[in-house]
Each structure stands twice: as C-alpha cells, then as structure tokens.
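Reading the structure
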Amino acid sequence: MLDDQPDPYGPADPDADAPPAPDERPRATPRSLVLALGMLLTSALAGVLVVLPAPYAVTSPGPTRDVLGEADGTPLIQVDGAETHPSSGELRLTTISGTGGPGYPSYVSTVLGGWASPTSVVRPVEEVFPQDVSQEQIDESNTELMVTSQETATVAALTELGYDVPATLVVAGTVEGTDAEGKLEEGDILTAMDGEELPDYQTLIARLAEIEPGDVVTLTVTRHSQPVEVDVTTGEREDGGAQIGVFVNPSFDLPVEVEISIDGIGGPSAGTMFALGIVDLLTPEDEADGEVIAGTGTIDVTGAVGPIGGIRQKMAGAERDGASWFLAPAGNCDEVVGHVPDGLRVVRVETLHEAREAMTAIGAGTGDDLPTCTAG
C-alpha cells in the first residue's frame, strides 16, 4: 500500500514550521536599523514638505467656463429686453489657478510639482503679488475688476451690434501735474468738447484720437446744474495719444439689460469672451456652429482687446477642456509663440470685431486663413 512505502526524502521534522522560541528570535542587524531609520526620516521629511511654506508663486491652468452655458441651472449670460438665440458651439473663458498670494501660500511640494510640470510657472512671490496688501484687498480688487469687465463687455458688445449706448461722463478726479488739475472738479459732467456734444464714452475716445498732445481744447461741463466752459491743454499718454487729464467714471444707459452670473473668478481678463458671448446670443446666426472656441483678453468700451497674464496656462487649460481654437490678444503674441499645445490653433485678435469675424469663420469651416501669432 502507498502508506507503507518509505519516504524518499526522509522522515518529516515535526518542528520545521514551528516559530522559534522567544529567546531564539533573530536579532536586528545594524543594516536593518539603518533602513528603518531612513524610512522614518523619509516619511517625516515628506510630511514637512507638505506643510512647509515656500517663498514662490505657482500658477497653473485653471478651469474654463462656457459663457454660452449654465452654472447650477442658471445661464452665465442672461439678457432682458432683446430676443436671444441658441448656439450649438461653446465659447470658453479661461483662467489660471495660483498659490503664493496672501492667504494661499505655496508649499515646498507645490513648488517642486510646479517646476516639474510643463504647464506651470514658478516665480518669486514678490514678482507676482504685492507684499503690502491682504487677501481681502486682493479679492475685493479682483471682484471690482470683474464687475467692471462685465459692464464694459456689455457696452462693447451692444456697440458692435449697432446699438446706441448713451453715457453720462462724470469726472472722478484729475491727473496730478496735468493742466486739468485745479480747473475741473470731481462731480463735473462732461457734455461737450470744442462745442461738439459727447453723448457717449466712445465719442470722447474718438475725439481724443483726433487731437495732438499739447493742443488746447474747450471742455463744457455741468457743474452744480450750471454749464461751465474750461480750456485745457492736453497732455500725452504713455502710448503717445492725447489726454485731457481727468479720470472719467461713465454711467451707461444700457438699451438692453445683461446680467452675467459667475462665481469664483475675478479680474478683467474674461471681458473679450463675455462680449463675444453676448454678440452670439443676440444674433440669429449660429456663428460657432458646434466648435469649441476658447480665448482671453481684456476689453474696453471701444472693443479694443488688451493683453493679460498667464496666457500659457490658459492655452493649456483650453486644450485640456476640449477647445480646438484659441483667441489670443495681439499683445500676448510674444508669449504665445513656441508654447501652443498640440491640437490647439491660435487666432490673433486686436478688437471685438476681429474676434467676432474669427468666431464666424471658425464656425463656417474657413478658419485656416485667420491671422495667428508669429515670431518677431
């Protein structure tokens, strides 16, 4: 029988699998102690890196939002007083996420991750954030800039669509060292220049564009309900144009009410995409026609598109969220060249009108000939 056969491997050791007696357990070697201590130090160092602040600011691609879409069931752009039209495309504003400012410190681990990421930028914190302001002051400033940007975008969009947008031009103060100082007062209302009425802010800008720095202009203002004429010698702006030396706070009489609802985003850089979204909603054509178009840029009431910060991160965020096209301010082209993500096509724009034409061409499938950013 099988049970009667001898074991070819010899008799089994009944104690072979038994644990060693307490006094026979293996002792820790110097090598094992060093390894254990190294692991403890590594874990402790990793924990310190997570919570140790670093004097750097890290900016990365932030979220994008479709200005033609909704947030929590509410359209980002709501219009009252005019018919709106649906769009099958997307117009995405772009943002950056950052650490290093007051209330949002960067940690060593964050900085190391930023250096390792091709879409993040790490800079000394003092180059990015003023050191004498609080988190509350920065948040308040960004909120004010966003509100102003929304109003300016509305004025620019309605003007682009042919609406008249009257404005009361209230003097908020004078520029120190200009001829207007001491002649114009806070609260004066500008009504005419050289006898020509100023019915809106755009007319004031257009008139100043026709004047050479050093020319004398006669401003008509309403002061304490009485008309007053003041002769002012114009000065020169940094860009070379003429200025009358006053800060103007325009109060717009909008023919169409536009409300923009967006939380968690501040600053003025979404102005161009807000304006483009308003234009799209108020026109019956489906300009974007299914395309996902992202972009950025400040905007003024004349429709001029201005440069912004963080455009490399914004392009990366746009590509990440499915955009095929990106509208970039001409003033940012030097930062765009050589940093465009694969799969994203950049269109250079200087005005809202150019952005509108680009949107229409992209939707029509004829965007290949649109201008882009080039080196030099």
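Nothing here was measured: the structure is a model prediction, and the numbers come from that model.

1. Comments concerning the nonpolar core
Burial of nonpolar side chains together is a common tendency in soluble globular proteins. Counting 62 residues, the largest nonpolar core has Leu190, Met193 and Phe274 as its most contacted members. Counting residues per element, this core draws most heavily on helix α6 (residues 271–281), at seven residues. Leave out the neighbours within four places in its chain, and Leu190 touches Leu169, Val171, Leu198, Leu204, Leu219, Thr220, Val221, Ile244, Val246 and Val248. The next biggest cluster of nonpolar side chains, apart from the first, holds 14 residues, and it includes Val292, Ile308, Val336 and Leu344.

2. What about the packing of α6 against helix α9 (residues 352–363)?
At a closest axis distance of 10 Å, the pairing of α6 and α9 adopts a crossing angle of 60°. Accordingly, the angle class assigned to the pair α6 and α9 is oblique. Of the two possible hands of crossing, α6 and α9 adopt the one that is right-handed. Touching Thr272, Ala275, Leu276, Val279 and Asp280 of α6 are Leu352, Ala355, Arg356 and Met359, all from α9. Residue classes in the contact of α6 with α9 are distributed as six nonpolar, one polar and two charged.

3. Comments concerning the sheet that holds strand β8 (residues 121–124)
Pairing in this open sheet of six strands is mixed, and the strands run β8-β2-β6-β18-β21-β22 from one edge to the other. Looking at the sheet topology across the chains shown, the edges are occupied by β8 and β22 (345–349). Each neighbouring strand pair of the sheet contributes to a mean axis angle of 30°, computed without reference to strand direction. Of the strand pairs in this sheet, strand β21 (residues 325–329) and β22 are connected by five bridges, and their pairing is parallel. Each residue of the ladder has a partner; that of Ala328, found in β22, is Arg348. Each of β2 (56–66), β6 (90–99) and β8 is contacted by helix α2 (residues 108–116), which is oriented at about 70° to β2, the strand it contacts most. Docked against the sheet, helix α7 (residues 311–320) engages β2, β6, β8, β18 (292–295), β21 and β22, running at close to 40° with respect to β2.

4. Re the pattern of salt bridges
With the rule as written, the count across this model stands at 12 salt bridges. For the salt bridge of Asp179 with Lys183, the shortest nitrogen-to-oxygen distance reads 2.9 Å. The partner of Asp321 in a salt bridge is Arg320, with the nearest N and O atoms 2.9 Å apart. Each of Asp194, Glu196, Arg207 and Glu210 takes part in a single network of salt bridges with overlapping partners.

5. Considering the environment of Met273
Turning to its location among the elements, Met273 is positioned in helix α6. The buried category is assigned to Met273, whose relative accessible area is 0%. Along the primary structure Met273 and Arg92 are separated by 181 residues, whereas in three dimensions their C-alpha atoms are 7.1 Å apart. Setting aside residues up to four positions removed in sequence, Met273 forms contacts with Val67, Leu91, Arg92, Leu93, Ile293, Ala294, Gly295 and Thr296.

6. What about the confidence of the model for the chain?
When the pLDDT values of the chain are averaged, the result is 86; 86% of them are 70 or greater. Segment residues 1–18: pLDDT under 50, and zero contacts once partners within four positions in sequence are set aside and those in other chains are kept.

7. Examining the state of the cysteines
Tallied over the full model, the rule gives one disulfide. With a sulfur-sulfur separation of 2.0 Å, Cys333 is cross-linked through a disulfide to Cys373. Looking down the S-S bond of the Cys333 and Cys373 bridge, the torsion is -65°, so its handedness is left-handed. Here Cys373 lies in the segment after α9 and Cys333 lies in helix α8 (residues 333–336), a separation of 40 residues in the sequence. Each member of the pair, Cys333 together with Cys373, is buried.

8. Thoughts on the side chain of Gln150
As for its position among the elements, Gln150 is in helix α4 (residues 135–160). Given a relative accessible area of 14%, Gln150 falls into the buried group. Discounting chain neighbours no more than four positions away, the residues touching Gln150 are Ile260, Ile262 and Phe274.

9. A look at unusual backbone geometry
Positive phi outside glycine occurs at Asp72, with the angle close to 55°. Mapped onto the elements, Asp72 comes out in the loop between β3 (70–71) and β4 (74–75). With phi around 50°, Asp194 is a residue other than glycine that occupies positive phi space. Relative to the helices and strands, Asp194 is located in the loop between β10 (189–193) and β11 (196–197). Given a relative accessible area of 40%, Asp194 falls into the partly exposed group.

10. Describing the layout of surface pockets
Of the voids in this model, the largest pocket is the one considered here, and its volume is about 1400 Å³. Taken together, 42 residues form the lining of the largest pocket, with Ile96, Phe129, Asn142, Gly266 and Gly267 sitting closest to its centre. Of all the elements in the fold, those that place two or more residues in the lining of the largest pocket are β2, β6, β8, α4 and α7. Ranked by the residues each element gives to the lining of the largest pocket, the list is headed by α4, at nine residues. When the residues that make up the lining of the largest pocket are grouped by side-chain class, the tally is 19 nonpolar, 18 polar and five charged. Within this model, the second largest pocket holds a volume of roughly 890 Å³. Forming the walls of the second largest pocket are 33 residues, and the residues nearest its centre are Tyr201, Ile205, Val248, Asp300 and Val301.

Conventions adopted
Residues numbered from 1 in each chain as written. Predicted model: local features only at pLDDT ≥ 70, side-chain atom pairs only at ≥ 80, totals over all residues. Heavy atoms only, no water. Core = buried A, V, L, I, M, F, W, Y, C linked by side-chain atoms within 4.5 Å. Buried < 20%, exposed > 50% of the residue type's maximum accessible area, 1.4 Å probe, protein only. Helix = DSSP H or I, 4+ residues; strand = E, 2+ residues; numbered from the N terminus. Contact = heavy atoms within 4.5 Å. Axes fitted to C-alpha atoms, helices over the stretch in contact; angles between N-to-C directions. Parallel < 35°, antiparallel > 145°, perpendicular 65-115°, else oblique. Left-handed = near helix turned anticlockwise from the far one by under 90°. Nonpolar A, V, L, I, M, F, W, Y, C, P; charged D, E, K, R; others polar. Pairing = 2+ DSSP bridges. Salt bridge = Lys/Arg side-chain N within 4 Å of Asp/Glu carboxyl O. pLDDT = per-residue confidence, 0-100. Disulfide = S-S within 2.5 Å. 1 Å grid on protein atoms, 1.4 Å probe; cavity = no way out; pocket = protein on both sides within 12 Å on 5 of 7 lines; lining within 4 Å. Points joined across faces, edges and corners; volume = space filled by probe spheres on them.

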